[in-house]
Amino acid sequence: MKDETLCLHAGYAPGNAEPRVMPIVQSTTYVYDSTEDIAAVFDDPTRSLIYSRFANPTVMAVESKIAALEGGAGAMCTSSGQAATLLSILNICSAGDSFISTPMIYGGSINLFSYTLKKMGVECIFVKPDADEEELHAAFRPNTKAVFGETLANPSLQVLDFGTYARVAHEHNVPLIIDNTFATPILCKPIDFGADIVVHSTSKYMDGHALQVGGVIVDSGGFNWNNGNFPGLVEPDESYHGLSYVEAYGKAAYIIKARMQLMRDFGVYPAAHSAFLLNIGLETMAIRMERYCENGLMVADFLSGSDKVEAVSYPGLKSDPYYQLAQQYLKGAGGVISFNIKGGRANAIRFMDALKLASNEVHVCDIRTCVLHPASATHRQLTDAQLEAAGIHPGMIRFSVGLEHVDDIIDDIKLGLSAV
Ligand SMILES: *Cc1c(COP(=O)(O)O)cnc(C)c1O
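Thresholds applied
- Residues numbered from 1 in each chain as written.
- Predicted model: local features only at pLDDT ≥ 70, side-chain atom pairs only at ≥ 80, totals over all residues.
- Heavy atoms only, no water.
- Pairing = 2+ DSSP bridges.
- Helix = DSSP H or I, 4+ residues; strand = E, 2+ residues; numbered from the N terminus.
- Axes fitted to C-alpha atoms, helices over the stretch in contact; angles between N-to-C directions.
- Contact = heavy atoms within 4.5 Å.
- Expected span 1.5 Å × (residues − 1).
- Buried < 20%, exposed > 50% of the residue type's maximum accessible area, 1.4 Å probe, protein only.
- Arc of directions from axis to C-beta.
- Near = heavy atom within 4 Å.
- Polar contact = N/O pair within 3.5 Å; in protein donor to acceptor, adjacent residues only side chain to side chain.
- Areas by Shrake-Rupley, 256 points an atom, 1.4 Å probe, with all protein chains shown as cover.
- Nonpolar A, V, L, I, M, F, W, Y, C, P; charged D, E, K, R; others polar.
- pLDDT = per-residue confidence, 0-100.
- 1 Å grid on protein atoms, 1.4 Å probe; cavity = no way out; pocket = protein on both sides within 12 Å on 5 of 7 lines; lining within 4 Å.
- Points joined across faces, edges and corners; volume = space filled by probe spheres on them.

Q: Give me the sheet that holds strand E4 (residues 144–150): which residues, what numbers.
A: The sheet built from seven strands is open, its strands ordered E1-E7-E6-E5-E4-E2-E3 with mixed pairing. Of all the strands in the sheet, just strand E1 (74–78) and strand E3 (123–126) have a single pairing partner and so form its edges. Averaged over all neighbouring strand pairs, the angle between strand axes comes to 20°, with direction disregarded. Here E4 runs beside strand E5 (residues 176–179); their pairing, made up of four bridges, is parallel. Bridge pairing in E5 links Val147 to Leu176. Sheet strands in contact with helix H5 (residues 107–119) are strand E2 (98–101), E3 and E4, and its direction is about 135° off that of E3.

Q: An account of helix H12 (residues 272–283) is needed here, citing residue identities and associated values.
A: Taking 1.5 Å per residue, twelve residues should reach 16 Å; H12 reaches 17 Å between its end C-alpha atoms and fits that length. Where H12 is concerned, the buried positions are Ala272, Ser274, Ala275, Leu278, Asn279, Gly281 and Leu282. Looking straight down H12, one finds that the buried residues subtend no more than 165° of arc, so they occupy a single side. Where H12 is buried, its residues touch helix H1 (3–9), helix H3 (57–70) and helix H13 (285–304).

Q: Go over the sheet that holds strand E9 (residues 336–341) with me, naming the residues and quoting the values.
A: Here five strands make up an open sheet; going across it, the order is E8-E9-E12-E11-E10 and the pairing mixed. Each of the sheet's edge strands pairs with one partner strand only, and the pair in question is strand E8 (309–313) and strand E10 (359–360). Of the pairings in the sheet, the one linking E9 to strand E12 (residues 396–400) comprises five bridges and is antiparallel in character. Its bridge partner being in E12, Val336 is matched across the sheet by Ser400.

Q: Let's hear about the site of the ligand: which residues, and what values?
A: Within the structure, the ligand sits among 14 residues, and Asn154, Asp179, Ser201, Ser203 and Lys204 are positioned closest to it. Within the side chain of Asp179, an N or O atom sits 2.7 Å from a nitrogen atom of the ligand. Within the side chain of Ser201, one N or O atom sits 2.8 Å away from an oxygen atom of the ligand. In isolation the ligand offers 380 Å² of accessible surface; the protein chains occlude 92% of this area. Of the residues contributing to the shell around the ligand, the split by class is three nonpolar, eight polar and three charged.

Q: Please provide a residue-by-residue account of the confidence of the model for the protein, values included.
A: Confidence in the prediction of the protein, expressed as mean pLDDT, is 95, and 99% of residues score 70 or more. By mean pLDDT, the top-scoring element of the protein is strand E7 (residues 215–219) (99), and the lowest-scoring one is helix H16 (residues 384–389) (74).

Q: Which residues make up the layout of surface pockets, and what values do they have?
A: Counted as a void, the largest pocket has a volume near 1,100 Å³. What lines the largest pocket is a set of 43 residues, among which Ile105, Asn154, Pro155, His379 and Ile392 lie closest to the centre. Contributing elements (two or more residues each) for the lining of the largest pocket: H5, E8, E9 and E12. Quantified by volume, the second largest pocket comes out at close to 360 Å³. Lining the second largest pocket are 19 residues, with Thr46, Ala55, Met60, Glu63 and Arg259 sitting closest to its centre. Contributing elements (two or more residues each) for the lining of the second largest pocket: H3, E1 and helix H11 (253–266). The residue makeup of the lining of the second largest pocket, split by class, is 13 nonpolar, four polar and two charged.

Q: Summarise the environment of Val246; cite the residues concerned and give the values.
A: One can find Val246 in helix H10 (residues 245–249). Along the sequence, Val246 and Ala67 sit 179 residues apart, while their C-alpha atoms lie 19 Å from each other. When near neighbours in sequence (up to four residues on either side) are disregarded, Val246 contacts Trp225, Leu233, Val234 and Ala253.

Right under this line is the structure:
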């Protein structure tokens, strides 16, 4: 089935006289007839439900829907996008291992990779932005276990060269992990371009309505873990009576290990009610993405024509350095635009404070237009010199186009620019 249909129907098919809408199964636990029955579930937790820290029917329906949309073998929801990124790495990296990442990723991922994972003994090797094949090869060490990148980077909006990253990762027998938050499976299916694991912050376009924070990990089911690099997936797991994930679960080894081991121990599973709300967002995602892309392109075009704007980053613009890669890998460039106001920080603040429709908030990819000045908010601790070094102009605005009529959005931008 096509994406529009999967968005509405994948993951839940009611039987005769069952509710049309997937119910919220609001229960921490599940009842068994006998000790023998419950023992059998502990022997193989994939057979049935044990406890809502591992799995819950409402959340599972959403997991199946997202797996279907991404073309994966399985998925696991998490309580935030950060938790999804963390577990996607910890599922294959232990203390003493390393992984490679492009720096063109979400700021929260940069913090996690540079500081917190480092304290846990897992090192992130950052390559240069747009590192080429040779530079990627050169970054590998004997203990490197994965390559990480973002389809459409938040907030810089660079597009990843999937061809190169997937090829090099696979030559070294490690998986490519992709954060597909900004593109969603509607604009890009990373598994089609060689990704092995896909993560999302569902808090953004998937939820779409700014209702609840969440994340998800999707397993393509296509990576061969039995290549000598991943003993944790192949050798007996002592914490599960000597089970080998690859032997027992084949294609779904990675995602089942993530649930049975990491979700069991870290406990970052979402609530059933959150999954219910996420599902409502997913139902309209395909349609919403079309309009975000249309509005985004018109707003980016308008901004490029303004003499008060210095530079516009939006890979849907023909003038954008990532236009070709966007044509190759994306069905549209989404609704997030970064641009620099002439006159730096002071003018950016004047622009922000004159807006009436767009809300000033720390969020993106909402149904309503929202806007952020990184130099005053998320990157406030940095001096202007440090901002430049991090590739963030003091006059940079991150503008997330919503589903209002585009004329109203552009009128609001005109109001902002007239204050500059
Ligand atoms: C927001 C975001 C995250 C983190 O997700 P949370 O749900 O806020 O924890 C990760 N990656 C990207 C690209 C994001 O935009």
